[in-house]
Amino acid sequence: MSTGSADSPATLYGPVSVIFGSAALLAAVFAGFIGIAIPLLFGSLAVTFALLGLGRGLNRGQCALGLATGSLSVLYPIFLAAALST
């Protein structure tokens, strides 16, 4: 049961969140080389677009995947920095 039309820009929330989440997760793996700013930025964008897409009810599978990868990529550098600082 979708709440928007098929031509709405809201249909892009799912694919955009997956792209940002995948890029953020890849950047989080290499956070030691490139820093943690890129995974945090892309991960937060992925989470934002995924929540917007889930709120609209469009592309729920892609939004869930974007939410999972985005949140992992935000949490991974934080836990890594906390583990290495002790």
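As the structure is a prediction and not an experimental result, all values here were calculated from the model.

J.: I would appreciate a short explanation of the side chain of S73 in the present structure.
T.: On the secondary structure map, S73 appears in helix α4 (residues 60-85). On the basis of relative accessibility, which here comes to 0%, the residue S73 falls in the buried class. Polar contacts involving the side chain of S73 include one to the main-chain carbonyl oxygen of G70, which spans 2.8 Å. Look past the residues within four positions of S73 in its chain and what remains in contact with it is A24, L25, A28, P39 and G43.

J.: Even after reading the chapter, I still don't get helix α1 (residues 13-29), so can you show me in this structure?
T.: In an α-helix there are 3.6 residues to a turn, and that puts residues three or four apart on one side. Over its 17 residues, α1 extends 24 Å from the first C-alpha to the last, a length consistent with the 24 Å expected when each residue adds 1.5 Å. Of the positions making up α1, those classed as buried are Y13, G14, S17, V18, G21, A24, A27 and A28. Summarising the contacts, the buried residues of α1 are in contact with α2 (31-34), α3 (37-56) and α4.

J.: Help me understand the environment of A23, please; the structure alone is not making it clear to me.
T.: With respect to the element layout, A23 can be found in helix α1. Exposure remark for A23: the relative accessible area of 30% places this residue in the partly exposed category. Along the primary structure A23 and A46 are separated by 23 residues, whereas in three dimensions their C-alpha atoms are 9.4 Å apart.

J.: Help me out: how do you make sense of the packing of aromatic side chains in this one?
T.: Aromatic ring pairs are described here by two measures, namely the spacing of the ring centres and the angle between the planes. Under the defined criterion, the tally for this structure stands at 4 aromatic pairs. Ring geometry for F20 and F49: centres 6.1 Å apart, planes at 5°, overall stacked. Of this pair, F20 sits in helix α1 while F49 sits in helix α3, and the two are 29 residues apart along the sequence. Note on F30 and F33: the rings are 6.5 Å apart at their centroids and 40° apart in plane angle, and the pair reads as tilted. With a relative accessible area of 75%, F33 lands in the exposed category.

J.: Please clarify how unusual backbone geometry should be interpreted in this entry.
T.: For residues other than glycine, phi is negative in most cases, and the peptide bonds are mostly trans. With phi around 50°, N59 is a residue other than glycine that occupies positive phi space. You can see N59 is positioned in the loop between α3 and α4.

J.: Where do I start with a nonpolar patch on the surface in this structure?
T.: A surface patch of nonpolar side chains, about 640 Å² in accessible area, is lined by L26, V29, F30, F33, I34 and I38. Of all the secondary structure elements, the ones that give two or more residues to the nonpolar patch are α1 and α2. Among the secondary structure elements, F33 is positioned in helix α2.

So, how was this worked out
The numbering scheme is per chain: residues are counted from 1 as the chain's sequence reads. Totals for whole chains, interfaces and linings use all residues, but because this is a predicted model, local features are given only for residues with pLDDT of at least 70 and pairs of side-chain atoms are given and counted only at 80 or more. Each side-chain value is worked out from all heavy atoms of the structure, with water and hydrogens disregarded. Strands here mean DSSP runs of E at least two residues long; helices mean DSSP runs of H or I at least four residues long; both are numbered from the N terminus. Burial classes follow relative accessibility: with a 1.4 Å probe on protein chains only, a residue under 20% of its type's maximum area counts as buried, one over 50% as exposed, and anything between as partly exposed. For the purposes of these results, a polar contact is taken to be a pair of N or O atoms within 3.5 Å, where, inside protein, one atom must be able to donate a hydrogen and its partner to accept one; residues adjacent in sequence count only when each atom of the pair is a side-chain atom. Only heavy atoms enter the contact rule, under which two residues are in contact if any of them lie within 4.5 Å. In this scheme, a helix's expected span is set at 1.5 Å multiplied by one less than its residue total. Only Phe, Tyr and Trp rings take part, Trp by its six-membered ring, and two of them pair if their centres are within 6.5 Å. Stacked means planes under 30 degrees apart, edge-to-face means over 60, and tilted covers everything else. The residues that make up patches have over 30% relative accessible area and no salt bridge, and they are joined within 9 Å when like-charged or within 5 Å when they are Val, Leu, Ile, Met, Phe, Trp or Tyr. The Shrake-Rupley method, run with a 1.4 Å probe sphere, supplies the accessible areas, and residue values consider only the shown protein chains as cover. A pairing counts as a salt bridge when a side-chain nitrogen of Lys or Arg comes within 4 Å of a carboxyl oxygen of Asp or Glu.

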